[in-house]
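One-letter residues, chain by chain:
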Amino acid sequence: MSDSARLVVEGLRARVEGKEILNGVDLVVPTGEVHALMGPNGSGKSTLAYTLLGHPNYEVTGGSASFDGTDLLPLAADERARLGMFLCFQYPTSIPGVSVVNFLRAALKAQGKEMPAREFLRTLSAVMGELKIDESFRSRYINDGFSGGEKKRMEILQLALLRPRLAVLDETDSGLDVDALRTVAEGVDRVRGTDMGVLVITHYPRILEYLRPDAVHVLHRGRVVVSGGHDLARRIEADGYDPILGAGAGTAAREGNP
Ligand SMILES: Nc1ncnc2c1ncn2[C@@H]1O[C@H](COP(=O)(O)OP(=O)(O)OP(=O)(O)O)[C@@H](O)[C@H]1O
Ligand SMILES: [Mg+2]
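Residue numbers restart at each chain and count upward from 1, following the sequence in its written direction. For this description, chains carry letters from A and ligands carry numbers from 1, given in the order in which they are written. Residues qualify for local features only when their pLDDT is at least 70, as the model is predicted, and side-chain atom pairs are given and counted only at 80 or more; totals for whole chains, interfaces and linings, by contrast, use all residues. Each side-chain value is worked out from all heavy atoms of the structure, with water and hydrogens disregarded.

Draft legend 1. Structural view of the packing of helix 3 (residues 100-110) against helix 4 (residues 117-130). Only the stretch in contact is used when a helix axis is fitted, and all axes are lines through C-alpha atoms; the angle between N-to-C directions ranges over 0 to 180 degrees. Helix numbering and strand numbering both begin at the N terminus, where a helix is a DSSP run of H or I of at least 4 residues and a strand a DSSP run of E of at least 2. At a closest axis distance of 12 Å, the pairing of helix 3 and helix 4 adopts a crossing angle of 115 degrees. By the criterion of interaxial angle, the relationship of helix 3 to helix 4 is roughly perpendicular. Read as a crossing pair, helix 3 and helix 4 show a hand that is right-handed. Of the residues in helix 4, those touching helix 3 at V101, L104, R105 and L108 are A117, F120, L121 and L124. Amino acids outside the nonpolar list (Ala, Val, Leu, Ile, Met, Phe, Trp, Tyr, Cys, Pro) and the charged list (Asp, Glu, Lys, Arg) are all regarded as polar, and Gly is one of them. Across the contact of helix 3 with helix 4, the residue classes tally to seven nonpolar, no polar and one charged. The scheme is simple: roughly parallel for angles under 35 degrees, roughly antiparallel for over 145, roughly perpendicular for 65 to 115, oblique for anything else. Here is the rule for handedness: rotate from the far helix to the near one, and if that takes an anticlockwise turn smaller than a right angle the crossing is left-handed, while a clockwise turn gives right-handed. We call two residues in contact whenever any of their non-hydrogen atoms come within 4.5 Å of each other.

Written out as structure tokens, the structure is:
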């Protein structure tokens, strides 16, 4: 395993509500790379995201997961967040009573990145402008009454401000119109850098056209069964999962990388 590897998952098994969902996931997301995680509905993608981020309902029953050499499994969700791990949920929750501006300040504070009020507001305005989010959103309650696309943009705003070291985006592209999709992809592109890894969970190869992932992994029945380059996503779009899962299910296969 290379020294620069950041997220290293080996043989990870997990269950929820007494049901085995992850059956030995192997996955490495090195520093500075963008990886895509694809797979049919119910294959365990969101479960993997929640398990990695330490959601208490997901019980790890085997394997290992480390981040920058630190064993994640004994750590609570907030401790993982302090390590710089960030999850954009598939279904973001609204928090009535908490404004966007207060939420973001509190989130920065929780990560030990508190800024003076003026600097924070200046930074917030700049990032909102880049992401084409209207200033009026600052005083709205977080995700309350937001459209699907607006919720997703709000997550990208969090990402841009918090600058985590590993971002897991669970279907941040679903429900977005074409322009919003591009905005989100550009947002991710802008915040990714040499010190940040990104795992994008998606059903849509279109976002990958913008993000140009370094690797694409396919999860099936709780295991990564095929990994490859961007071309793998294009083949899934063209032919569906059947040809790939038929060939690769059971043992993890590595395909040619770009
Ligand atoms: N809390 C739960 N209780 C029972 N079963 C669950 C629970 N959470 C997930 N599962 C089951 O685990 C399996 C994997 O679910 P998961 O949400 O991880 O899939 P996914 O790959 O993210 O699917 P999708 O593409 O539809 O988002 C599904 O069969 C789901 O019904
Ligand atoms: Mg999911």
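Draft legend 2. Molecular detail of the side chain of S43. Along the polypeptide, S43 turns up in the loop between strand 3 (34-38) and helix 1 (45-53). Here a polar contact means two N or O atoms within 3.5 Å. Within protein one must be a hydrogen donor candidate and the other an acceptor candidate, and residues neighboring in sequence count only if both atoms are side-chain atoms. Polar contacts involving the side chain of S43 include one to the main-chain carbonyl oxygen of L219, which spans 3.4 Å. When near neighbours in sequence (up to four residues on either side) are disregarded, S43 contacts L219, H220, R221 and G222.

Draft legend 3. Looking closely at the pattern of salt bridges. What counts as a salt bridge is simple: a side-chain nitrogen of Lys or Arg found within 4 Å of a carboxyl oxygen of Asp or Glu. Enumeration according to the criterion identifies eight salt bridges in this entry. Taking the shortest distance from any N to any O, the salt bridge between D68 and R6 comes out at 3.2 Å. Residue D68 is located in the loop between strand 4 (58-67) and strand 5 (70-71), and its partner R6 is located in strand 1 (residues 5-16); the two are separated by 62 residues in the primary sequence. By relative accessible area, which is 34% here, D68 ends up partly exposed. Accessibility expressed as a relative area gives 9% for R6, which makes it buried. Its salt-bridge partner being R138, residue E135 comes within 3.2 Å of it at the nearest N-O pair. Remark: exposure states derive from per-residue accessible area (1.4 Å probe, protein chains only) relative to the maximum for the residue type, with buried under 20%, exposed over 50%, and partly exposed in between. Here E135 falls in the partly exposed class, since its relative accessible area comes to 42%.

Draft legend 4. Seen up close, the site of ligand 1. Taken together, 15 residues lie around ligand 1, and G42, K45, S46, T47 and H203 are the ones closest in. At 2.9 Å from an oxygen atom of ligand 1 is found a side-chain nitrogen or oxygen belonging to N41. The protein chains shown are the only cover counted for residues, whose accessible areas, like all others here, come from Shrake-Rupley with a 1.4 Å probe. Expressed as a share of its isolated accessible area of 640 Å², the protein-covered part of ligand 1 is 67%. Of all the secondary structure elements, the ones that give two or more residues to the shell around ligand 1 are strand 2 (19-30) and helix 1. The leading source of residues in the shell around ligand 1 is helix 1, at three residues. If a single non-hydrogen atom of a residue is within 4 Å of a molecule or strand, that residue counts as near it.

Draft legend 5. Spotlight on helix 1. Within helix 1, nine of the nine residues are buried, which leaves the element mostly enclosed by the surrounding structure. Those residues of helix 1 that sit buried are K45, S46, T47, L48, A49, Y50, T51, L52 and L53. Of the residues trailing helix 1, G54 is marked for its positive phi of about 90 degrees.

Draft legend 6. Structural context of the nonpolar core. Side-chain atoms within 4.5 Å link the members of a nonpolar core, which is a set of buried Ala, Val, Leu, Ile, Met, Phe, Trp, Tyr and Cys residues. Counting 51 residues, the largest nonpolar core has F120, L124, M154, L157, L159, L169 and V218 as its most contacted members. Considering every element that reaches this core, the biggest residue donor is helix 5 (residues 148-162), with seven residues. Counting residues in hydrophobic clusters, the runner-up holds 28 residues, among them V9, I21, A49 and L166.

Just geometry here; none of it tells us what the structure is for.
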